[in-house]
Amino acid sequence: MEYVQGRSHEAWGLPIGVLTSIAFLPHDPSLAAVYLGGYTASFLFLSPDLDLEGSRPTRRWGLLSLLWAPYRLLHPHRGISHTYLYGPVSRLAYAALLVLAPARFTGGEEAVLSLVQRALAFPVHTGVFLLGYFAAQWVHLIQDGILPFGLSGRRSCRCSKRRTRRKYSWKG
């Protein structure tokens with residue numbers, strides 16, 4: 001399996017987001033837009049490659065990319081940040097921390113609470129947004145050759161200071 005890198009992630013991943021959002025059109029066009037919003041934001045700004053200094057997603061943050069340095073220190077490239085559950089949840093939690101910490105010290109808690117209340121008032125839309133968020137993360141991992149549930153595939157991992165390839169297989 002060939003691994004996708006850089007712009008190729010976007011060349012394949014973004015159209016997949018558009019195509020999968022079409023599934024919502026017969027039900028509610030607004031859900032297609034919400035899904036695509038979650039997918040696109042996730043794919044472009046909260047990619048698993050935020051753990052890599054100089055990556056396109058990291059550069060998109062501009063000067064604010066410095067805020068992701070602690071995340072990179074805790075998550076070596078293609079380590080645990082490239083997993084199906086922990087990786088996306090850790091980036092979402094870290095992004096929430098980046099919003100909540102300044103809000104706490106600047107008196108913006110009410111604005112954040114209001115945003116959360118609005119999101120909870122529309123649980124279906126919030127769920128579809130999160131579905132788009134997770135779908136983009138998983139598409140990225142599949143493009144990296146990291147398959148779910150231990151299915152056969154190759155995975156790049158960081159082992160000590162050198163990069164090796166490890167074959168996975170189901171041993172359940």
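Please read all numbers here as calculations on a predicted model, not as lab measurements.

1. Here we look at the overall build of the protein
And then number 1: For the protein, the helix and strand inventory stands at seven helices and two strands.
And then number 2: When the helices and strands of the protein are placed in sequence order, the string is α-α-α-α-α-α-α-β-β.
And then number 3: Across the 172 residues that make up the protein, the buried fraction comes to 40%.
And then number 4: The long-range share in the protein, meaning contacts at least 24 apart out of those at least 6 apart in sequence, stands at 59%.
And then number 5: When the accessible surface of the protein is split by element, carbon and sulfur atoms take 70% of a total near 10500 Å².

2. Focus on the confidence of the model for the protein
And then number 1: A residue-level look at the protein finds 84% of positions with pLDDT of 70 or above and a mean pLDDT of 86.
And then number 2: For the protein, strand 2 (residues 162–168) is the element with the lowest average pLDDT, namely 42, and helix 2 (residues 29–45) is the one with the highest, namely 97.
And then number 3: Under a pLDDT of 50 for its full length, residues 156–172 has, in the predicted model, 33 contacts with residues more than four places off or in other chains.

3. Considering the nonpolar core
And then number 1: Phe24, Leu31, Ala32, Tyr35, Tyr39, Phe43, Val128, Ala135, Ala136 and Val139 form the largest nonpolar core, which has 10 residues in total.
And then number 2: Mapped onto this core, the elements with two or more residues apiece are helix 2 and helix 7 (123–143).
And then number 3: Counting eight residues, the second-largest nonpolar core is a separate cluster that includes Leu46, Leu50, Trp68 and Tyr133.

4. Focus on the side chain of Asp51
And then number 1: Here Asp51 is to be found in the loop between helix 2 and helix 3 (56–60).
And then number 2: No salt bridge forms around the buried Asp51; measuring N to O, its nearest opposite-charge neighbour Arg91 is 5.8 Å away.
And then number 3: A polar side-chain atom of Asp51 sits 2.6 Å from a polar atom in the side chain of His77.
And then number 4: Ignoring sequence-local partners within four residues, the contact set of Asp51 consists of Tyr71, Arg72, His75, Pro76, His77, Arg78, Ser81 and His82.

5. Some points on the packing of helix 2 against helix 7
Packed helix pairs are specified by the crossing angle of their axes together with the interaxial distance, meaning the distance between the axes.
And then number 1: Two numbers describe how helix 2 lies on helix 7: the axes approach to 7 Å, and their chain directions differ by 40°. Relative to helix 7, helix 2 is oriented oblique. At the point where helix 2 passes helix 7, the crossing takes the right-handed sense. Of the residues in helix 7, those in contact with Ser30, Leu31, Val34, Tyr35, Gly37, Gly38, Tyr39, Ser42 and Phe43 of helix 2 are Val124, His125, Val128, Phe129, Leu131, Gly132, Tyr133, Ala135, Ala136, Gln137, Val139 and Gln143.
And then number 2: Tallied by class, the residues present in the contact of helix 2 with helix 7 amount to 13 nonpolar, eight polar and no charged.

6. A few points about the packing of aromatic side chains
And then number 1: Inspection of every chain in the model, using the stated rule, returns 11 aromatic pairs.
And then number 2: When the ring of Phe24 is compared with that of Tyr35, the centres are 5.1 Å apart and the planes differ by 40°; the resulting orientation is tilted. One end of the pair, Phe24, is in the loop between helix 1 (7–21) and helix 2; the other, Tyr35, is in helix 2, with 11 residues separating them in the sequence. Residue Phe24 shares its accessibility class with Tyr35, and that shared class is buried.
And then number 3: Site record: aromatic cluster; members linked through ring pairs are Phe45, Trp61, Trp68, Tyr71 and Tyr94.

About the cut-offs
- Residue positions are counted from 1 within each chain, in the order its sequence is given.
- Restriction of local features to residues with pLDDT of at least 70 applies here, the model being predicted, together with a cutoff of 80 or more for giving and counting side-chain atom pairs; totals for whole chains, interfaces and linings are based on all residues.
- Hydrogen atoms and water are omitted, and side-chain values are computed over all heavy atoms in the structure.
- Secondary structure follows DSSP: runs of H or I at least 4 residues long count as helices, runs of E at least 2 residues long count as strands, and numbering of each begins at the N terminus.
- In this scheme, a residue with accessible area under 20% of its type's maximum is buried, one over 50% is exposed, and one in between is partly exposed, where area comes from a 1.4 Å probe on protein chains only.
- By definition, residues are in contact when any of their heavy atoms lie within 4.5 Å.
- Only the protein chains shown count as cover for residues, with accessible areas throughout obtained via the Shrake-Rupley method and a probe of 1.4 Å.
- Per-residue confidence from the predictor is given as pLDDT, running between 0 and 100.
- Side-chain atoms within 4.5 Å link the members of a nonpolar core, which is a set of buried Ala, Val, Leu, Ile, Met, Phe, Trp, Tyr and Cys residues.
- Under the convention used here, Asp and Glu are negative, Lys and Arg are positive, and both His and the chain ends fall outside the count.
- By salt bridge we mean one thing: a side-chain nitrogen of Lys or Arg within 4 Å of a carboxyl oxygen of Asp or Glu.
- We call two N or O atoms a polar contact when they sit within 3.5 Å, provided that within protein one can donate a hydrogen and the other can accept it, with sequence-adjacent residues counted only if both atoms are side-chain atoms.
- Axes, fitted as lines to C-alpha atoms, cover a helix only where it is in contact. Angles between the N-to-C directions of the axes lie from 0 to 180 degrees.
- By the definition adopted for this analysis, an angle is roughly parallel if under 35 degrees, roughly antiparallel if over 145, roughly perpendicular if from 65 to 115, and oblique otherwise.
- Definitions for this section: a left-handed crossing has its near helix turned counterclockwise from the far helix by less than a right angle. A right-handed crossing has that turn clockwise.
- Three classes are used, and their members are as follows: Ala, Val, Leu, Ile, Met, Phe, Trp, Tyr, Cys and Pro are nonpolar, Asp, Glu, Lys and Arg are charged, and the others, Gly among them, are polar.
- Geometry of aromatic contacts follows a simple scheme: Phe, Tyr and Trp rings, the Trp one being its six-membered ring, pair when their centres are within 6.5 Å, and the pair is stacked under 30 degrees between planes, edge-to-face over 60, tilted otherwise.

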